Amino acid sequence: SAVISQKPSRDICQRGTSLTIQCQVDSQVTMMFWYRQQPGQSLTLIATANQGSEATYESGFVIDKFPISRPNLTFSTLTVSNMSPEDSSIYLCSAGGYQETQYFGPGTRLLVL
Amino acid sequence: AQTVTQSQPEMSVQEAETVTLSCTYDTSESDYYLFWYKQPPSRQMILVIRQEAYKQQNATENRFSVNFQKAAKSFSLKISDSQLGDAAMYFCAYRLGGSQGNLIFGKGTKLSVKP
């Protein structure tokens, strides 16, 4: 299995600012994903982070709002830009591992005031 | 489009008893994977068990087992000898086979374990 770490674990931000979340995997992986989880809800895929190319975004998510970087096979960042209270959520990073299984980071809890 | 349905928002089980969580899915594909993830209050998503669609044998992992009914598109999770640490949100998830498939999650079932 892959071990995934995320930084920061939580943050409180002011509206209009941006936050960058880092995701580090302990081994090289092909696929990395970013999810959003509203309190008490299921996970919604934001985008697939592709190494060496632009991320692939799901419907309802745009690059200007959620720019993603994937500089190598073990690291990715998600930026939440121009934040509003509606962006308050848990953001989870995951990585595709052996035999199609995805492993998850511990998540970043974001509160926007 | 693929969908995953968990019809039980909440379930409760007595410690040491057995509980079954339901999951159904809809797909027209033949190559896919199914998963159960556990998310305790700490929010870390933990893989509980996985099932390859091409395998007829139901997956087991210690106290956790699945009942995979491919024709019925059903994928239930049975937890035997429930423990207090099993209390969590449980998510059923589907993934299309191949390198491009992302996970599609159900809405989750909150499991409580009573001492």
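Structure shown above.
The following paragraphs examine the structure supplied in this document. All figures in this text were calculated on a predicted structure; none of them were measured in a lab.

**A look at the layout of surface pockets**
Piece 1. There is about 280 Å³ of room inside the largest pocket.
Piece 2. Tallying contributions element by element places strand β10 (residues 88-96) of chain B first for the lining of the largest pocket, with three residues.
Piece 3. Its residues assigned to classes, the lining of the largest pocket comprises nine nonpolar, five polar and three charged.
Piece 4. In this structure, the second largest pocket is lined by 15 residues; those nearest its centre are Ser42, Leu43, Thr44 and Leu45 of chain A together with Phe105 of chain B.
Piece 5. Those elements giving two or more residues to the lining of the second largest pocket turn out to be β5 (43-49) of chain A together with β11 (103-105) of chain B.
Piece 6. Here the lining of the second largest pocket is composed, by residue class, of seven nonpolar, six polar and two charged.

**Quick look at a nonpolar patch on the surface**
Piece 1. Taken together, the side chains of Ile12, Leu111 and Leu113 of chain A present a nonpolar region at the surface, about 280 Å² in accessible area.
Piece 2. Here Ile12 of chain A is to be found in strand β2 (residues 10-13).

**As for the pattern of salt bridges**
Piece 1. Going through the model one piece at a time under the given rule, you end up with five salt bridges over all chains.
Piece 2. Its salt-bridge partner being Asp87 of chain A, residue Lys65 of chain A comes within 2.6 Å of it at the nearest N-O pair. Pair noted here: Lys65 of chain A is in the loop between β6 (56-57) and β7 (68-72) and Asp87 of chain A is in the loop between β8 (75-80) and β9 (89-96), with a separation of 22 residues, a long-range link. You'll find Lys65 of chain A and Asp87 of chain A in the same group, each marked buried.
Piece 3. The salt bridge partner of Asp86 of chain B is Arg63 of chain B, with a shortest N-O separation of 2.8 Å. Remark: Arg63 of chain B occurs in the loop between β7 (60-61) and β8 (64-69) and Asp86 of chain B occurs in the loop between β9 (74-79) and β10; sequence separation between them is 23 residues.

**Observations regarding the environment of Ser82 of chain B**
Residues and elements named next belong to chain B.
Piece 1. Relative to the helices and strands, Ser82 is located in the loop between β9 and β10.
Piece 2. In sequence terms Ser82 and Val19 are 63 residues apart; their C-alpha atoms lie 7.6 Å from each other.
Piece 3. Other than its neighbours up to four places away in sequence, Ser82 contacts Val13, Gln14, Glu15, Ala16, Glu17, Thr18, Val19, Arg63 and Val113.
Piece 4. At 2.8 Å, the side chain of Ser82 and the backbone oxygen of Glu17 are in polar contact.

Definitions and limits used
- Residues numbered from 1 in each chain as written.
- Chains lettered and ligands numbered in written order.
- Predicted model: local features only at pLDDT ≥ 70, side-chain atom pairs only at ≥ 80, totals over all residues.
- Heavy atoms only, no water.
- 1 Å grid on protein atoms, 1.4 Å probe; cavity = no way out; pocket = protein on both sides within 12 Å on 5 of 7 lines; lining within 4 Å.
- Points joined across faces, edges and corners; volume = space filled by probe spheres on them.
- Helix = DSSP H or I, 4+ residues; strand = E, 2+ residues; numbered from the N terminus.
- Nonpolar A, V, L, I, M, F, W, Y, C, P; charged D, E, K, R; others polar.
- Patch = residues over 30% accessible without salt bridge, like charges linked within 9 Å, V, L, I, M, F, W, Y side chains within 5 Å.
- Areas by Shrake-Rupley, 256 points an atom, 1.4 Å probe, with all protein chains shown as cover.
- Salt bridge = Lys/Arg side-chain N within 4 Å of Asp/Glu carboxyl O.
- Buried < 20%, exposed > 50% of the residue type's maximum accessible area, 1.4 Å probe, protein only.
- Contact = heavy atoms within 4.5 Å.
- Polar contact = N/O pair within 3.5 Å; in protein donor to acceptor, adjacent residues only side chain to side chain.

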